[in-house]
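# Examination of the molecular architecture
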Number of protein chains: 2
Amino acid sequence: MLSDIGSRLIGAGGKRLRPALFLLSARLSGKDNYDDLVPLAAALEITHVASLIHDDVIDNSGLRRGKETANARFGNHVAVLAGDYLFASVFGLIGDKEYPREVGLKLADLVKLLTVGEIQQDSSLYKIPEDADEYYRQIERKTAEFMAVCCETGAMVEGVGPKMARQMHDFGYNLGMAFQITDDLLDITGTDASIGKPAGSDIRQGVITLPVIYALNNSSDREKLTAIVSNPEMSESELAEAITIVRESGGVDFSRKKVQEFIRQAKASIPEECDSELRKSFESLADYILRRNF
Amino acid sequence: MLSDIGSRLIGAGGKRLRPALFLLSARLSGKDNYDDLVPLAAALEITHVASLIHDDVIDNSGLRRGKETANARFGNHVAVLAGDYLFASVFGLIGDKEYPREVGLKLADLVKLLTVGEIQQDSSLYKIPEDADEYYRQIERKTAEFMAVCCETGAMVEGVGPKMARQMHDFGYNLGMAFQITDDLLDITGTDASIGKPAGSDIRQGVITLPVIYALNNSSDREKLTAIVSNPEMSESELAEAITIVRESGGVDFSRKKVQEFIRQAKASIPEECDSELRKSFESLADYILRRNF
């Protein structure tokens, strides 16, 4: 059953952005001991997958990447345990290799941060925020710190020194902020087919994202929007109305500008010592997130 | 919220048997560097608590140790995440100290084994087993291997050598088998008040334990018992009848004899090199489990 869940998750795709960030960052050292790096690259992706499985249980989601979720197919019981199994595998994978001790600590802290982020998101559902501050903190815990850890540990395991490790942390952090805002934007601008799950899911589930926060503060229909997104019992036609209000508020453009800003900061964080080929890879990754529409 | 869950769990008591086994086993070395050992002792108890929290979500339990469970109080969402947080803390605690690399691997494997055990138990609910073999494998994964790891890592971290570490593994394993059979017996012989949760919970939830398996094979009422324990819709009066059939079948005595056997094997596994005071502690622990009725 666990193999079946694993195969389905692998088969469902995903961008494997976290291991890619890790492996690219490790190249900063000029070394290329791929075999030693792969277990940790895998551990980072498995951490992501395990947290998605538990998030789907918590959000009671039926679809992820266009496929049935583990909880929908096997029930919450199995999905909880499958996530536990995968989290344990993460620490099995990194315990098996001679990585610096700090790597295990960073991963343990990361899983703690992800769970705290989920608990805090869970407690703020359908609540209208005053401004975007709490939103930024939430996507930091959910995505930006994760990508920061991928880049930082990539640099660390190859011993490039604390300054470059810190710069790579910042690269991953800014990339992650841009990535999550884009993800949240797609929920407003995308279609069911393009994003692999029902559009408007965030609003339906009470998660108030950046374009919505912008509209709540700037749209002439802000009162109507407030009434809809704070109501757990919103109808499908109200949801469609809310999406239209957000789209017409300028919230999408505002959010896209924020994405560009984080991408700019990410690029500025790439260490000067980075050779031109590797720099091009980091920049391509950043541009890919800027252009991402799936 | 996480602190609140933590305080409740600590306040609810529990025997702290796993850290006790670990700390006692570490004394085999004659050394006494308590400060270095406590984080791992705590990690073992936290592993146990985290798996109980997830088990309670899965079994939808309302009471544990006579107190409201995390899922009953805070909902399944928070309970899943609180368990994840605690599992991550385990690897944070052991990553922070200079324990042998093998310790982290053993803990990762242990968490995997616990989850596999739960999944397998979940898939065999309300199914009548042919004999007790699968039962023994289940309690091995659920309890015996856990206590074996506590004793083995206790010996390992103080470097007592592989032979004694193996003997301590066997001590913990046999103690764990005895412990779990006793636990399962209490569900048949105890009262709601004495065990801190409703008596007969195992049968009600479809978990078929050793005294029940004995009765299914030896009681003159075995057909009635089979019909009740294989029926997820059993009534409270049928449950009471099933308990009476098991009690009158000789299944309780049979199981108690098995407990004595495992305790005997546990005592026989105590290394000869063990000094008399420490040996007395190990034997007291074994006798405590033999006499345990709560």
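Residues numbered from 1 in each chain as written. Chains lettered and ligands numbered in written order. Predicted model: local features only at pLDDT ≥ 70, side-chain atom pairs only at ≥ 80, totals over all residues. Heavy atoms only, no water.

## Some points on the overall build of chain A
Within chain A one finds 15 helices and 2 strands. Overall size of chain A, expressed as C-alpha extent along the three principal axes, is 55 × 45 × 30 Å. Burial status across chain A gives 53% buried among its 294 residues. Partitioning the intrachain contacts of chain A with sequence separation of at least 6 by distance along the chain shows that 74% fall at a separation of at least 24. (Helix = DSSP H or I, 4+ residues; strand = E, 2+ residues; numbered from the N terminus. Buried < 20%, exposed > 50% of the residue type's maximum accessible area, 1.4 Å probe, protein only. Contact = heavy atoms within 4.5 Å.)

## Here we look at the relation of the copies chain A and chain B
Of the transformation placing chain A onto chain B, the axial shift is 0.0 Å and the rotation is 180 degrees, giving an RMSD of 0.0 Å. Here the transformation between the copies is reduced to the relation of a two-fold axis. When the interface residues of chain A are mapped onto chain B, 100% of them again fall at the interface, so both copies present the same face. (Least-squares fit on C-alpha atoms with pLDDT ≥ 70 in both.)

## Describing the confidence of the model for chain A
The predicted coordinates should not be examined in detail at positions where pLDDT is low. Residue and element names in this part refer to chain A. Of the residues in chain A, 96% have a pLDDT of 70 or more, and the chain-wide mean is 90. Of all helices and strands in chain A, the one with the weakest mean pLDDT is helix 9 (residues 192–195) (61), whereas helix 11 (residues 210–218) scores best (97). What the predictor reports for the complex is a pTM of 0.89 with an ipTM of 0.87. (pLDDT = per-residue confidence, 0-100.)

## Some points on helix 13 (residues 236–248) of chain A
Working note: α-helix, 3.6 residues per turn, so residues spaced by three or four point in the same direction. Residues and elements named next belong to chain A. Here helix 13 spans 19 Å end to end across 13 residues, near enough to the 18 Å set by a 1.5 Å rise per residue. Turning to helix 13, its buried residues number three or more, namely Leu-239, Ala-242, Ile-243, Ile-245 and Val-246. The buried residues of helix 13 occupy an angular sector of 160 degrees when projected down its axis, which confines them to one face. Every exposed residue of helix 13 that faces more than 90 degrees away from the buried side is listed here: Ser-237 and Glu-248. Taken together, the buried residues of helix 13 touch helix 8 (162–189), helix 10 (201–204), helix 11, helix 12 (222–229) and helix 14 (251–269). Of the residues trailing helix 13, Gly-250 is marked for its positive phi of about 90 degrees. (Expected span 1.5 Å × (residues − 1). Arc of directions from axis to C-beta.)

## Digging into the packing of aromatic side chains
Taken as a whole and assessed by the stated rule, the structure comprises 9 aromatic pairs over all chains. For the ring pair Tyr214(B) and Phe254(B), a centre distance of 4.7 Å and an interplane angle of 25 degrees mean the geometry is stacked. Within this pair, whereas Tyr214(B) is found in helix 11 (residues 210–218), its partner Phe254(B) is found in helix 14 (residues 251–269), the two being separated by 40 residues in sequence. Looking at Tyr214(B), the relative accessible area reads 23%, which means it is partly exposed. Members of the aromatic cluster, connected to one another through ring pairs, are Tyr135(A), Tyr136(A) and Phe262(A). One Lys or Arg, Arg292(B), reaches over the ring of Phe179(B) and ends 4.1 Å from the middle of that ring. (Phe/Tyr/Trp six-rings, centres within 6.5 Å; stacked < 30°, edge-to-face > 60°. Lys NZ or Arg CZ within 6 Å of the ring centre and 35° of its normal.)

## Let's talk about the interface of chain A and chain B
Size of an interface: often given as the accessible area lost when the parts come together. On the side of chain B, 30 residues touch chain A, which itself brings 30 residues to the contact. Considering only the surface of chain A that becomes buried against chain B, Leu81(A), Arg101(A) and Ile119(A) emerge as the three largest contributors, covering 21% of it. Across the chain A-chain B interface, the total number found is 2 salt bridges. In this structure, Glu98(B) and Arg101(A) form a salt bridge, with 3.4 Å as the shortest nitrogen-oxygen distance. Every element with two or more residues in the side of chain A that touches chain B is listed here: helix 3 (34–59), helix 5 (76–95) and helix 6 (101–123) of chain A. Sorting elements by how many residues they give to the side of chain A that touches chain B places helix 5 of chain A first, with 12 residues. The residue makeup of the side of chain A that touches chain B, split by class, is 16 nonpolar, 6 polar and 8 charged. (Buried area = accessible area lost by both parts, 1.4 Å probe. Salt bridge = Lys/Arg side-chain N within 4 Å of Asp/Glu carboxyl O. Nonpolar A, V, L, I, M, F, W, Y, C, P; charged D, E, K, R; others polar.)

## Thoughts on the nonpolar core
In terms of nonpolar packing, the biggest core is built from 154 residues, with Leu40(A) and Leu40(B) touching the most fellow members. One finds Val49(A), Ala50(A), Ile53(A) and Ala82(B) within the second-largest nonpolar core, a separate group that totals 34 residues. (Core = buried A, V, L, I, M, F, W, Y, C linked by side-chain atoms within 4.5 Å.)

## Considering the environment of Asp133(B)
Summarising the element assignment, Asp133(B) is placed in helix 7 (residues 133–157). With 77 residues separating them along the chain, Asp133(B) and Leu210(B) place their C-alpha atoms 9.9 Å apart.

## Comments concerning the pattern of salt bridges
When charged atoms on two side chains of opposite charge get close, those side chains can pair. Residue and element names in this part refer to chain B. Applying the stated criterion across every chain yields a total of 26 salt bridges over all chains. Note that Arg-141 is salt-bridged to Glu-134, the shortest N-O span being 3.0 Å. Of the charged contacts, one joins Asp-287 and Lys-267 as a salt bridge, the two residues approaching to 2.7 Å between their closest N and O atoms. With Asp-287 in helix 15 (residues 276–291) and Lys-267 in helix 14, this pair connects stretches of sequence that are 20 residues apart. Its relative accessible area of 25% is what places Asp-287 among the partly exposed residues.

## What about the packing of helix 14 of chain A against helix 15 (residues 276–291) of chain A?
Residues and elements named next belong to chain A. Contact geometry for helix 14 and helix 15: axes closest at 10 Å, N-to-C directions at 175 degrees. Classified by the interaxial angle, the pair formed by helix 14 and helix 15 is roughly antiparallel. Between helix 14 and helix 15, the residues in contact are Val-259, Gln-260, Ile-263 and Lys-267 and Glu-283, Ala-286, Asp-287, Ile-289 and Leu-290, respectively. Residues that form the contact of helix 14 with helix 15 fall into these classes: 5 nonpolar, 1 polar and 3 charged. (Axes fitted to C-alpha atoms, helices over the stretch in contact; angles between N-to-C directions. Parallel < 35°, antiparallel > 145°, perpendicular 65-115°, else oblique.)

## Focus on helix 5 of chain A
Taking 1.5 Å per residue, 20 residues should reach 28 Å; helix 5 of chain A reaches 29 Å between its end C-alpha atoms and fits that length. Burial runs high along helix 5 of chain A: 16 of the 20 residues are buried.

## Looking at unusual backbone geometry
Residues and elements named next belong to chain A. Phi at Arg-16 is positive, roughly 50 degrees, even though this residue is not glycine. Structurally, Arg-16 can be placed in the loop between helix 1 (2–11) and helix 2 (17–26). Phi is positive for Tyr-126, close to 65 degrees, though the residue is something other than glycine. The topology assignment puts Tyr-126 in the loop between helix 6 and helix 7 (133–157).

## Structural notes on the packing of helix 2 of chain A against helix 15 of chain A
All names here are of chain A. Viewed as axis vectors pointing N to C, helix 2 and helix 15 meet at an angle of 160 degrees, and their least axial separation amounts to 10 Å. One element, helix 2, and the other, helix 15, form an angle in the roughly antiparallel class. Our pair here, helix 2 against helix 15, has a crossing hand that is left-handed. Contact residues: Leu-17, Leu-21, Leu-24 and Ser-25 in helix 2; Leu-278, Ser-281, Phe-282, Leu-285, Tyr-288 and Ile-289 in helix 15. (Left-handed = near helix turned anticlockwise from the far one by under 90°.)

## Observations concerning the side chain of Asp184(A)
All names here are of chain A. With respect to the secondary-structure elements, Asp-184 resides in helix 8. At a separation of 2.6 Å, a polar atom in the side chain of Asp-184 contacts the side chain of Tyr-135. Once you skip the residues sitting within four places of it in the chain, Asp-184 turns out to touch Tyr-135, Ile-139, Asp-202 and Thr-209. (Polar contact = N/O pair within 3.5 Å; in protein donor to acceptor, adjacent residues only side chain to side chain.)

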